[in-house]
Amino acid sequence: MIRPGRKRIAVLISGRGSNLGALLAHELAGDVVVVGSNRADAGGLERARSAGIPTFVLSHRDHPTREAFDYALVDRLNACAPDLVVLAGFMRILTPVFTDAFAGRLINVHPSLLPAFPGLDTHARAIAEGVKLHGCTVHYVTSELDRGPIIAQAAVQVEDDDTAETLAARVLVQEHSVLPWAVRLHCEGRLAVEGLRVRVLPPPT
């Protein structure tokens, strides 16, 4: 249900939608009005439909270039008039066509403590590098890959017997906490961006 006066949130996914589930389970000071995916078999689409949320599929394979796909995705989202777009496991590198269209209202959750380990295979890379702390980052998205202003981070200890799978599972628990928190603060207008720094403002009195 979309409630009058609340922020309109669009969520993009490519997989099972566990972070989407976390968003739907929390008070966000906004409503998820649409869930989109570049994969028709993304499990999170059924999760959205079960919650009564409209969904769409826009396959990147149907477009000749990244830019063409991004133009189409911008048009599809603009039809829903979102105040915020959340990348919740959306496995696409986005071009400035998309990031500029939603500048300041585009949030991503990334499975590492940025700026460490941008890109893919973060958990295996963290183990290979021998880091003692790993985690996740929620940040505003810019045209520079995994480099936008950081809203929140959560860390987990890397154990000696960790595999990429066991480490990923513990990081995912943290993602399910910090992503809804960050989305709520954005919807409440409590995030102030200063360069690459994000300040959390106190709630209005």
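Residues numbered from 1 in each chain as written. Predicted model: local features only at pLDDT ≥ 70, side-chain atom pairs only at ≥ 80, totals over all residues. Heavy atoms only, no water.

Q: Would you take a moment to explain the overall build of the chain for this structure?
A: When you go through the chain residue by residue, the secondary structure sums to six helices and nine strands. Computed over C-alpha atoms, the radius of gyration of the chain comes to 17 Å, within 12% of the 17 Å expected from 2.2 N^0.38 for 205 residues, which places it in the range of a compact globule. With respect to the three principal axes, the spread of C-alpha positions in the chain is 50 × 50 × 35 Å. With 205 residues in all, the chain has 47% of them scored as buried. When contacts within the chain are restricted to residue pairs at least 6 apart in sequence, those whose partners lie at least 24 apart make up 58%. Accessible area of the chain: about 10100 Å², with a carbon and sulfur share of 53%. If you average the places of the 21 positive and of the 22 negative side-chain charges in the chain, the two averages end up 5 Å apart. (Helix = DSSP H or I, 4+ residues; strand = E, 2+ residues; numbered from the N terminus. Rg over C-alpha atoms; globule rule 2.2 N^0.38 Å. Buried < 20%, exposed > 50% of the residue type's maximum accessible area, 1.4 Å probe, protein only. Contact = heavy atoms within 4.5 Å. Areas by Shrake-Rupley, 256 points an atom, 1.4 Å probe, with all protein chains shown as cover. Lys, Arg positive; Asp, Glu negative; His and termini not counted. Charge placed at Lys NZ, Arg CZ, Asp CG, Glu CD.)

Q: What is the right way to look at the sheet that holds strand β3 (residues 55-57) in this model?
A: Sheets are built from strands that pair by backbone hydrogen bonding, the pairs being arranged parallel or antiparallel. An order of β3-β2-β1-β4-β5-β6-β7 is seen for the seven strands of this open sheet, with the pairing classed as mixed. Two strands close off the open sheet at either side, each with one partner strand: β3 and β7 (150-157). Within the sheet, the average angular offset between the axes of one strand and its neighbour, ignoring direction, is 20°. When strand β1 (residues 7-13) meets strand β4 (residues 84-87), the two strands line up parallel, connected through four bridges. Following the sheet pairing, Ala10 is matched in β4 by Val85. Running at roughly 155° to β3, helix α2 (residues 43-50) makes contact with β1, β2 (30-37) and β3 of the sheet. Here helix α6 (residues 164-187) sits on the sheet in contact with β1, β2, β4, β5 (106-110), β6 (133-140) and β7, set at roughly 160° to β7. (Pairing = 2+ DSSP bridges. Axes fitted to C-alpha atoms, helices over the stretch in contact; angles between N-to-C directions.)

Q: Explain unusual backbone geometry to me, please; I cannot follow it from the model alone.
A: For the peptide bond that leads from Leu114 to Pro115, omega is 10°, which places it in the cis range. If you trace the backbone, Pro115 turns up in the loop between β5 and α5 (122-129). Positive phi, close to 60°, is recorded for Ala29, a residue that is not glycine. Topologically, Ala29 is positioned in the loop between α1 (18-25) and β2. Even without glycine at this site, Ala81 takes up a positive phi of about 50°. Mapped onto the elements, Ala81 comes out in the loop between α3 (66-78) and β4. Assessed through its relative accessible area of 46%, Ala81 is described here as partly exposed.

Q: Would you explain the environment of Thr95 in this entry?
A: Mapped onto the fold, Thr95 is located in the loop between β4 and α4 (96-101). On the accessibility criterion, Thr95 (7% relative accessible area) is buried. Distance in space between the C-alpha atoms of Thr95 and Leu145 is 9.3 Å, their sequence separation being 50 residues. Residue contacts for Thr95: discarding those within four places in its chain leaves Arg66, Glu67 and Asp70. Only 2.7 Å separates the side chain of Thr95 from the side chain of Asp70, close enough to count as a polar contact. (Polar contact = N/O pair within 3.5 Å; in protein donor to acceptor, adjacent residues only side chain to side chain.)

Q: Would you mind going over the nonpolar core with me for this structure?
A: A general trend in soluble globular proteins is that nonpolar side chains are found buried together. Ranked by size, the top nonpolar core spans 38 residues in total, and within it Val11, Val35, Val86, Ile151, Leu179 and Val183 carry the most contacts. Per-element tally for this core: the top contributor is α6, with eight residues. Sequence-distant contacts of Val35, that is, excluding residues within four places in its chain, are made with Val11, Ile13, Leu20, Leu45, Ala48, Ile53, Pro54, Thr55 and Phe56. Counting residues in hydrophobic clusters, the runner-up holds 19 residues, among them Leu12, Val34, Val85 and Phe90. (Core = buried A, V, L, I, M, F, W, Y, C linked by side-chain atoms within 4.5 Å.)

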